[in-house]
Amino acid sequence: MIEIIEVNTKKQQKLFVDFPIKLYRDCNYFVPTLKIAEYNIFKESKQNTDVASVFYLAKLNGQIVGRIGGIIHSIYNEKTDQKRVRFTRFDCINNFQVANALISAVENWAIRRGMQCSHGPMGFNDLEKVGVQSNNFEQMGNLVALYNFPYYKKLLEKCGYLVETKFTEYRIATPKNFKYVFELDNYKVVKTKNVYKLLNKYKTKVFDLINECYAPLYGAIPITPKLKEVLVEQYSFLINHNFIALIVDENNSVVGFGLAIPGLAFEMNLNKGKLINFDSFKLLKAFRKPNYAELMFLCVSPSCDKPKVAQLIKSKLIYGMNKCNIPFVESNPILDDGILKTKYMQDLNTVKRKEREVYYKIFKNN
């Protein structure tokens, strides 16, 4: 018999966070989320009155065999004029009964709160991992994207879910003979070697730009002031000054932003989501001398001269990649109408690596 347990205690939280590590322990392609960040999900609904959330574990024959979360984000529902719940952190063994029990737990929780539709997997905000990977399962995962076993897609579809939108991940080759330019008309690259000073000076403007650029995209939720501080505190250590491009205009307004982080997928797989353990020296080495990078952000203000600002972002990032001998960059999941697919980015040599899908289901009687 399958038992569904709501996560309430510290012990249950640990079981929830640790379950993917256990499920993928023999998988060389899985890249875990940083545990230090993952534990914060249990605080989100307590700290944000616009969010309601719930988390469940599935138990079979005395063993934890699955997990799932549900998120109701009132800001998103008001923005889209819909009543939706997001399912998040869906992981389980290859067993339909387990998957259906987990999905049903979130659906029933949402229906009691007046929701009419479920979609996911998605997170609390636009910076979390999204979508079910649907191909190329024997390629290394990314720190910024979900990896899952092939059977996830079949389980969700058997639970009555349909594909609502698709994302694609790309490998972008670093051009070797690129004509660098760091100033064009009224736009220029902000130069710095001190990431912390740069972030402290411009973080509010950068996040405002991200919110502006992401607003029209599927599932977008504004990054709140409190979350801005949390993100800077948690992830600033990952930022290398060579991999950041910040573009300002004559008024010192941020009009463009690009950010990549050192590629740490293999080392995070070894570390099982921890920053410090017996393999930490490998993680530190990879951070200092990465073999590749992962693209996190690429934002251009809609109110600026987009081709010029995009050219400056490319110049700064490509200059940094070549300086650090980075042969390629792995992108985060990108919608087909995302900035990477616009005409002023098409001169880059990109190759599709993975595709992922976001699913939805309209509840009966709605």
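Everything below is about the structure shown above.
This text gives an overview of the structure that appears in the document. (Residues numbered from 1 in each chain as written. Predicted model: local features only at pLDDT ≥ 70, side-chain atom pairs only at ≥ 80, totals over all residues. Heavy atoms only, no water.)

Some remarks on the overall build of the chain
Thought 1: A tally of regular secondary structure across the chain gives 11 helices and 15 strands.
Thought 2: Relative to the globule expectation of 21 Å for 366 residues, the C-alpha radius of gyration of the chain, 21 Å, shows essentially globular dimensions.
Thought 3: Sorting the 366 residues of the chain into buried and exposed places 55% on the buried side.
Thought 4: In the chain, 78% of the contacts between residues at least 6 apart in sequence involve partners at least 24 apart.
Thought 5: On the chain, roughly 17500 Å² of surface is accessible, and the fraction owed to carbon and sulfur atoms is 52%.
Thought 6: Averaging the positions of the 53 positive and the 35 negative side-chain charges in the chain gives two centres separated by 5 Å. (Helix = DSSP H or I, 4+ residues; strand = E, 2+ residues; numbered from the N terminus. Rg over C-alpha atoms; globule rule 2.2 N^0.38 Å. Buried < 20%, exposed > 50% of the residue type's maximum accessible area, 1.4 Å probe, protein only. Contact = heavy atoms within 4.5 Å. Areas by Shrake-Rupley, 256 points an atom, 1.4 Å probe, with all protein chains shown as cover. Lys, Arg positive; Asp, Glu negative; His and termini not counted. Charge placed at Lys NZ, Arg CZ, Asp CG, Glu CD.)

Some details on empty space enclosed by the protein
Thought 1: The final tally for this structure, using the stated rule, is two cavities of 30 Å³ or more.
Thought 2: Empty space within the second largest cavity amounts to approximately 60 Å³.
Thought 3: Lining the second largest cavity are E44, N48, V51, H73, F124, N125, I221, P222, T224 and L227. (1 Å grid on protein atoms, 1.4 Å probe; cavity = no way out; pocket = protein on both sides within 12 Å on 5 of 7 lines; lining within 4 Å. Points joined across faces, edges and corners; volume = space filled by probe spheres on them.)

Re the state of the cysteines
Thought 1: Enumeration according to the criterion identifies zero disulfides in this entry.
Thought 2: No disulfide involves C299; its nearest neighbouring cysteine sulfur is the one of C213, lying 4.7 Å away. (Disulfide = S-S within 2.5 Å.)

Concerning the environment of L209
Thought 1: For L209, the position within the fold is in helix α7 (residues 195-214).
Thought 2: Measuring from C-alpha to C-alpha, the distance between L209 and V255 comes to 7.1 Å, with 46 residues separating the pair along the chain.
Thought 3: Ignoring any residue separated from it by four or fewer positions in sequence, one finds L209 in contact with V254, V255, G256, F257, C299, V300 and S301.

A word on the side chain of R353
Thought 1: Mapped onto the elements, R353 comes out in strand β15 (residues 350-362).
Thought 2: What makes R353 buried here is its relative accessible area of 9%.
Thought 3: At 2.9 Å, the side chain of R353 forms a polar contact with the side chain of Q139.
Thought 4: Excluding residues that lie within four positions of it along the chain, R353 makes contacts with N135, N136, Q139, M140, N142, E169, Y170, R171 and E330. (Polar contact = N/O pair within 3.5 Å; in protein donor to acceptor, adjacent residues only side chain to side chain.)

A word on the pattern of salt bridges
Thought 1: A full pass over the atoms with the stated rule returns 15 salt bridges.
Thought 2: We note a salt bridge from E169 to K354, for which the minimum N-O separation is 4.0 Å. Taken together, the positions of E169 in strand β7 (residues 162-173) and K354 in strand β15 put the pair 185 residues apart, joining distant regions of the chain. Considered together, E169 and K354 belong to a single accessibility category, that of buried residues.
Thought 3: The closest approach of N and O atoms between K308 and D305, which form a salt bridge, is 3.6 Å. (Salt bridge = Lys/Arg side-chain N within 4 Å of Asp/Glu carboxyl O.)

Description of the environment of T192
Thought 1: Looking at the element boundaries, T192 is found in the loop between β9 (187-189) and α7.
Thought 2: For T192, a relative accessible area of 24% corresponds to the partly exposed category.
Thought 3: Expressed as a C-alpha distance, the spacing of T192 and A245, which sit 53 residues apart in the sequence, is 9.9 Å.
Thought 4: If sequence neighbours within four positions are ignored, T192 has contacts with L198 and H241.
Thought 5: For T192, the side chain forms a polar contact with the main-chain nitrogen of N194, separated by 3.0 Å.

Here we look at α7
Thought 1: With 20 residues, α7 extends just 23 Å between its outermost C-alpha atoms, more than 12% less than the 28 Å of an ideal straight helix rising 1.5 Å per residue.
Thought 2: Largest kink in α7: about 65°, centred on Y202.
Thought 3: Within α7, burial applies to V195, L198, L199, Y202, K203, V206, F207, L209, I210, N211, C213 and Y214.
Thought 4: A distance of 3.2 Å separates the backbone nitrogen of Y196 from a side-chain oxygen at the start of α7, and that oxygen is part of N194. (Expected span 1.5 Å × (residues − 1). Bend = angle between axes of the 7 residues up to and from the residue.)

Concerning unusual backbone geometry
Thought 1: A cis amide bond, omega 0°, links G120 with the succeeding residue P121.
Thought 2: Along the chain, the position of P121 falls in the loop between β5 (117-120) and β6 (132-133).
Thought 3: Although it is not a glycine, N136 adopts a positive phi angle of roughly 50°.
Thought 4: On the accessibility criterion, N136 (34% relative accessible area) is partly exposed.

Structural notes on the pairing of strand β11 (residues 254-262)
Thought 1: Here β11 lies mainly inside the structure; nine of its nine residues are buried.
Thought 2: In the sheet, strand β10 (residues 244-248) pairs with β11 via five bridges, with the strands oriented antiparallel. Residue pairing in the sheet places L246 in a bridge with F257 of β11.
Thought 3: Joining the antiparallel neighbours β10 and β11 is a turn of five residues, in which N252 adopts a positive phi near 65°.
Thought 4: Here β11 pairs with strand β12 (residues 293-300) via seven bridges, running antiparallel. (Pairing = 2+ DSSP bridges.)

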